[in-house]
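# Chains, contacts and geometry: an overview
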Amino acid sequence: MAVPEWGRNVPFTQYGPLFSILLAGIGISGVDPLIGAKGLNIFLFGTNIFLPAWIIFHATCSRGFSFFGSFILSTSLVMLWLHAMALSEPTFLFFTLLGLYVLALYLQKQDRSFLLILSGFFISLAFLAKYSGVSVVATGVLSVFLFSRKSLAEKTREAFLLGVISCIPMIFWLMRNKMVIGSPTGIGIHLDFHPYILGNLRQLAAYPSLWLLPKSVPVVFRSLALLAAVVFLVSGSAALFKRPVRLEKLPAILWLLIISH
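A short tour of the structure in this document, coming up. Just so you know, these numbers come straight off a predicted model, no measurement behind them.

## As for helix H2 (residues 33-60)
Here H2 contains 28 residues, and its C-alpha end-to-end distance of 39 Å stays within 8% of the 40 Å for a straight helix at 1.5 Å per residue. Here H2 starts with a cap whose side-chain oxygen sits 2.7 Å from the backbone nitrogen of Leu34, and that cap is Asp32. Just downstream of H2, Cys61 is the residue with a positive phi angle, here 60°.

## Examining the side chain of Ser66
Its location among the elements puts Ser66 in helix H3 (residues 63-74). Each residue touching Ser66, except ones within four places of it in the same chain, is listed here: Ala53, Trp54, Ile56 and Phe57.

## Observations concerning the pattern of salt bridges
Two side chains that carry opposite charge are able to pair once their charged atoms sit near each other. All told, the structure shown has three salt bridges when counted by the stated rule. Linking Lys150 and Glu158 is a salt bridge whose minimum nitrogen-to-oxygen distance equals 2.6 Å. With a closest N to O distance of 4.0 Å, Glu158 and Arg157 form a salt bridge. Residue class for Glu158 comes out buried when judged on its relative accessible area of 1%. Salt bridges here are not isolated pairs; linked through shared partners, they connect Lys150, Arg157 and Glu158.

## Quick notes on the packing of helix H6 (residues 113-129) against helix H8 (residues 152-181)
With their axes 8 Å apart at the nearest point, H6 and H8 run at an angle of 35° to one another. The interaxial crossing formed by H6 with H8 has right-handed handedness. Residues Leu116, Ile117, Ser119, Gly120, Phe121, Ile123, Ser124, Phe127 and Leu128 of H6 form the contact with H8, whose own contacting residues are Glu158, Leu161, Leu162, Ile165, Ser166, Cys167, Pro169, Met170 and Trp173. Looking at side-chain class alone, the contact of H6 with H8 contains 13 nonpolar, four polar and one charged residues.

## Here's the deal with helix H1 (residues 18-28)
Those residues of H1 that sit buried are Leu18, Phe19 and Leu23. Looking straight down H1, one finds that the buried residues subtend no more than 140° of arc, so they occupy a single side. Just downstream of H1 lies Gly30, where phi reads positive at about 100°.

## Considerations on the nonpolar core
Residues Phe95, Leu100, Leu103 and Leu247 are the most contacted members of the largest nonpolar core, which totals 46 residues. Breaking this core down by element, the ones donating at least two residues are H1, H2, helix H5 (89-109), H6, helix H7 (134-147), H8 and helix H12 (250-260). Aside from chain neighbours lying at most four places away, what touches Leu247 is His58, Ala59, Tyr101, Ala104, Leu105 and Gln108.

## Looking at the packing of H5 against H12
Where H5 meets H12, the closest approach of the two axes is 10 Å, and the angle between their N-to-C directions is 140°. Comparing their axes, H12 and H5 come out oblique. Where H5 crosses over H12, the two elements pack in a sense that is right-handed. Taking contact as the criterion, the partners of Thr96, Leu100, Ala104 and Leu107 in H5 are, on H12, Leu250, Ile253, Leu254 and Leu257.

## Some words on the environment of Leu142
The topology assignment puts Leu142 in helix H7. Looking at Leu142, the relative accessible area reads 38%, which means it is partly exposed. The sequence separation of Leu142 and Gly163 amounts to 21 residues, and the corresponding C-alpha distance is 9.9 Å.

## Here's the deal with the environment of Ala229
The topology assignment puts Ala229 in helix H11 (residues 219-242). Put simply, Ala229 and Leu212 are 17 residues apart on the chain and 8.7 Å apart in space, counted from C-alpha to C-alpha.

## Regarding the packing of aromatic side chains
Considering all chains together, one arrives at four aromatic pairs under this definition. What links up through ring pairs into an aromatic cluster is the set Phe94, Phe95, Phe121 and Phe122.

So, how was this worked out
- Residues numbered from 1 in each chain as written.
- Predicted model: local features only at pLDDT ≥ 70, side-chain atom pairs only at ≥ 80, totals over all residues.
- Heavy atoms only, no water.
- Helix = DSSP H or I, 4+ residues; strand = E, 2+ residues; numbered from the N terminus.
- Expected span 1.5 Å × (residues − 1).
- Polar contact = N/O pair within 3.5 Å; in protein donor to acceptor, adjacent residues only side chain to side chain.
- Contact = heavy atoms within 4.5 Å.
- Salt bridge = Lys/Arg side-chain N within 4 Å of Asp/Glu carboxyl O.
- Buried < 20%, exposed > 50% of the residue type's maximum accessible area, 1.4 Å probe, protein only.
- Axes fitted to C-alpha atoms, helices over the stretch in contact; angles between N-to-C directions.
- Left-handed = near helix turned anticlockwise from the far one by under 90°.
- Nonpolar A, V, L, I, M, F, W, Y, C, P; charged D, E, K, R; others polar.
- Arc of directions from axis to C-beta.
- Core = buried A, V, L, I, M, F, W, Y, C linked by side-chain atoms within 4.5 Å.
- Parallel < 35°, antiparallel > 145°, perpendicular 65-115°, else oblique.
- Phe/Tyr/Trp six-rings, centres within 6.5 Å; stacked < 30°, edge-to-face > 60°.

This is the structure we're talking about:
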């Protein structure tokens, strides 16, 4: 896979390949890739609203929670902006939700290994969509260790299996990059600690709040809205832990994703 640069083809390495592969597949069918990108992200916009609503309903048996979740996503300016651009985020979001949902199903049942394999497959696609999808892999592996009811030996085996399945496609992609340009990504991989809470509290309040309100709203009001949303999220998660639900591990898995990402 290569992109043109001043009359020559340069190997494509700086981003995860999944979105480009999907567009290339659309192009092979005769559809202009730009039109294909629009159609794909329109489809994913609807899917990324319906899928969380379905997951919430399956977890809580509550139509109210399900409707509220879909309403928040469908009215989010960030969601609209991401799906209006030819970006890989919608694809990443779809496969992340799908992979962790299936993993929650597995941890609930504990007796259907094909769910673990299927979860690893979906997580591998999320990883292929974005390099930062390594956080989803970490979430899946840690979730097996923390939330499985099996013995330590069995949890270790299952966590290893999930990790291998989730990483194999990306390993092949990085090997390909290494062969063609001498670097796994072409941009380098830097592991740093970003102490947002220590020195960037204003940005921490400002940027996530754009999920709820537009940038034209003063940061103070956006921060209050974000605080209210966090309180609601924490309260809802606590309420779910206190009542019988069909996917009791799902809130904990999602909190783990927030931390690891």
